[in-house]
Amino acid sequence: EQESNNSTLPSTENLSPSETNNGEHRAPGGSDEPTYGPLPTNIERNWSLDPSFYLEMYKKDVPDEYSEEENPNDHYPENFFEKAIIDENGETDYTAVTYNSMRKAFVERKKESSRKPVFSQNFLMKCLRDGKAHCHSQNALLKLNRKKTRLVGDIHGNFDDLIRHVSLGLADGSTFVFMGDYVDRGKRSIDVLIFLISLIMMKNQQVYLLRGNHELPSINIDNGFLTECIKEYGERGGREVWKAANEFFAELPVACVLNEKMFVAHGGISRLMLKGKEVFDSIKKRPTTAYEWKLFIDILWSDPDGSLPMSRDYKLLFPVNKNRTKDADRYTSFGLIEVLDKIGMECLVRAHQVVTHGYEPFCATRCFTSYGSTNNSKNNNAAQTIVYDDSRVEFIRFKNLNKEMKCEEDTTKPRTSKGSKSKHTKKGGRKNGQSKNPKRSTSLENGKTR
């Protein structure tokens, strides 16, 4: 069961604050210009993109006593697929993989109690190499202009929800932009990965994958993906698959500018964007400097904040995101408007947070949170956001028909290079900085905010 709703983006004219300067620090005399403040201490040392580093640091490498020999060619797709997925030349037929994976028998398959992977380790490793090579040519900041774009938030290993999203628009020529968090929590992260790679290989100008915070090795080492890989392919093979997957993730674009009007990212914006569009050049797939890391972490980790500061100091406009990590910020409505005006965008669309109704506006209609999987927390619905080139926005909501909780509450805790989970991470946290009252929610109806 699904519902749709429509909205049109407002002009930025009535929502813009007074004109400000681009100064880095507050001028003498307490002017009203916004500030973006200093960078977090040692941020470039707190994060790493090397999966082997985390395996060694947290003692999750292959156990010394492990001696089982795995067959990397074990392959059982014939149990579910009608057509061969490897052609006569030994190449992967990604069209066959895509359409076979959408068959009811595969969508509804149950994991066997004994490990018997549908796809062999060698097949999966080749898929990951192909996906990595494909995404390597894409910029860290995608720039797309499309008549109709479908934006999909967190999937988290929930393969059935992914198929529901894709079934809506695979044949109508619309573009898909997935906003990250493909793995962890759910039970079928590997199936999700293979299907998404098949999509981008089959429709390489129609499907795009952005990076989420769960596409970091420091996150997916702890939250289910590594465990699933080991259960599917054994101690050695599972770790090889996990490392190859994170090498693929490192090539995913970080954010997207859609139709020159909309900024699309997993978490959101950064206070560093108060400098304007010039900061886009510092968005990197593999950040190296403290400045690049701050921008990268904010885009993947930041959240809206419902407080209304009376000052435009960065500490109030962009408070530290203690519910996530001390290296990321939250953004208030005033901070959001300042940034969107500086970078010339009308709206932000992001994912990252479970919202009860699947989508939720923030700051009138300047920001939308769109979550892609159902029943992640407290029986939540999911939503797909459709954006047209005339600035119309449509929401399709998926009602959860499965009473079984698919995964636990969001307790994601980032690993740091110092060897511990961030002490600043707390369980739960208010959604989008809204009221503590769980009955109070925000929705769009006939283009009006309610």
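Look up: the structure comes first, before these words.
The notes below deal with the structure included here.

Cut-off values and rules
- Residues numbered from 1 in each chain as written.
- Predicted model: local features only at pLDDT ≥ 70, side-chain atom pairs only at ≥ 80, totals over all residues.
- Heavy atoms only, no water.
- Helix = DSSP H or I, 4+ residues; strand = E, 2+ residues; numbered from the N terminus.
- Buried < 20%, exposed > 50% of the residue type's maximum accessible area, 1.4 Å probe, protein only.
- Areas by Shrake-Rupley, 256 points an atom, 1.4 Å probe, with all protein chains shown as cover.
- Contact = heavy atoms within 4.5 Å.
- Salt bridge = Lys/Arg side-chain N within 4 Å of Asp/Glu carboxyl O.
- Pairing = 2+ DSSP bridges.
- Right-handed = clockwise from strand over helix to strand, strands pointing away.

**Quick notes on the overall build of the protein**
Next up, step 1: Looking only at helices and strands, one finds twelve helices and 16 strands in the protein.
Next up, step 2: Among the 450 residues that make up the protein, the fraction classed as buried is 58%.
Next up, step 3: Just so you have it, the protein exposes about 19,300 Å², and 45% of that area is on carbon and sulfur atoms.

**Description of the side chain of His165**
Next up, step 1: Considering the arrangement of structural elements, one finds His165 in helix 6 (residues 159–169).
Next up, step 2: When its relative accessible area of 0% is taken as the criterion, His165 is described as buried.
Next up, step 3: Sequence-distant contacts of His165, defined by excluding residues within four places in its chain, comprise Val152, Ile155, Phe176, Gly372, Ala383, Gln384 and Phe398.

**Re unusual backbone geometry**
Next up, step 1: The phi torsion at Arg185 lies on the positive side, around 70°, for a residue other than glycine.
Next up, step 2: When you line up the elements, Arg185 lands in the loop between strand 4 (175–178) and helix 7 (189–202).
Next up, step 3: The phi dihedral of Ala364 is positive, around 60°, even though this residue is not glycine.

**Describing the environment of Gly180**
Next up, step 1: Tracing the sequence through the fold places Gly180 in the loop between strand 4 and helix 7.
Next up, step 2: Overall, Gly180 belongs to the buried group, its relative accessible area being 0%.
Next up, step 3: Each C-alpha atom, one on Gly180 and one on Arg211, is 4.6 Å from the other, the two residues being 31 residues apart in sequence.
Next up, step 4: In contact with Gly180, other than residues within four places in its own chain, are Gly153, Asp154, Ile155, Leu210, Arg211, Gly212, Glu215 and His266.

**Some thoughts on the pattern of salt bridges**
Next up, step 1: Considering all chains together, one arrives at 22 salt bridges under this definition.
Next up, step 2: As a salt-bridge pair, Glu235 and Arg239 come within 2.5 Å of each other at their nearest N and O atoms. You can see Glu235 and its partner Arg239 sitting in helix 9 (residues 225–249), four residues apart, about one turn around the helix. A single burial state applies to Glu235 and to Arg239, both of which are buried.
Next up, step 3: Two residues, Glu251 and Lys285, come together in a salt bridge whose shortest N-O distance is 4.0 Å. In this pair, Glu251 sits in the loop between helix 9 and strand 6 (255–258) while Lys285 sits in the loop between strand 7 (262–265) and helix 10 (290–301), placing the two residues 34 residues apart along the sequence. A single burial state applies to Glu251 and to Lys285, both of which are buried.

**Some details on the pairing of strand 4**
Next up, step 1: What you see with strand 4 is no split at all: Thr175 and Val177 on one side and Phe176 and Phe178 on the other are buried throughout.
Next up, step 2: As defined by bridge partners, strand 3 (residues 148–152) adjoins strand 4 across four bridges and the pair is classed as parallel. Across the sheet, Leu151 pairs through a bridge with Val177, a residue of strand 4.
Next up, step 3: The β-α-β motif built from strand 3, the intervening helix 6 and the parallel element strand 4 has right-handed crossover chirality.

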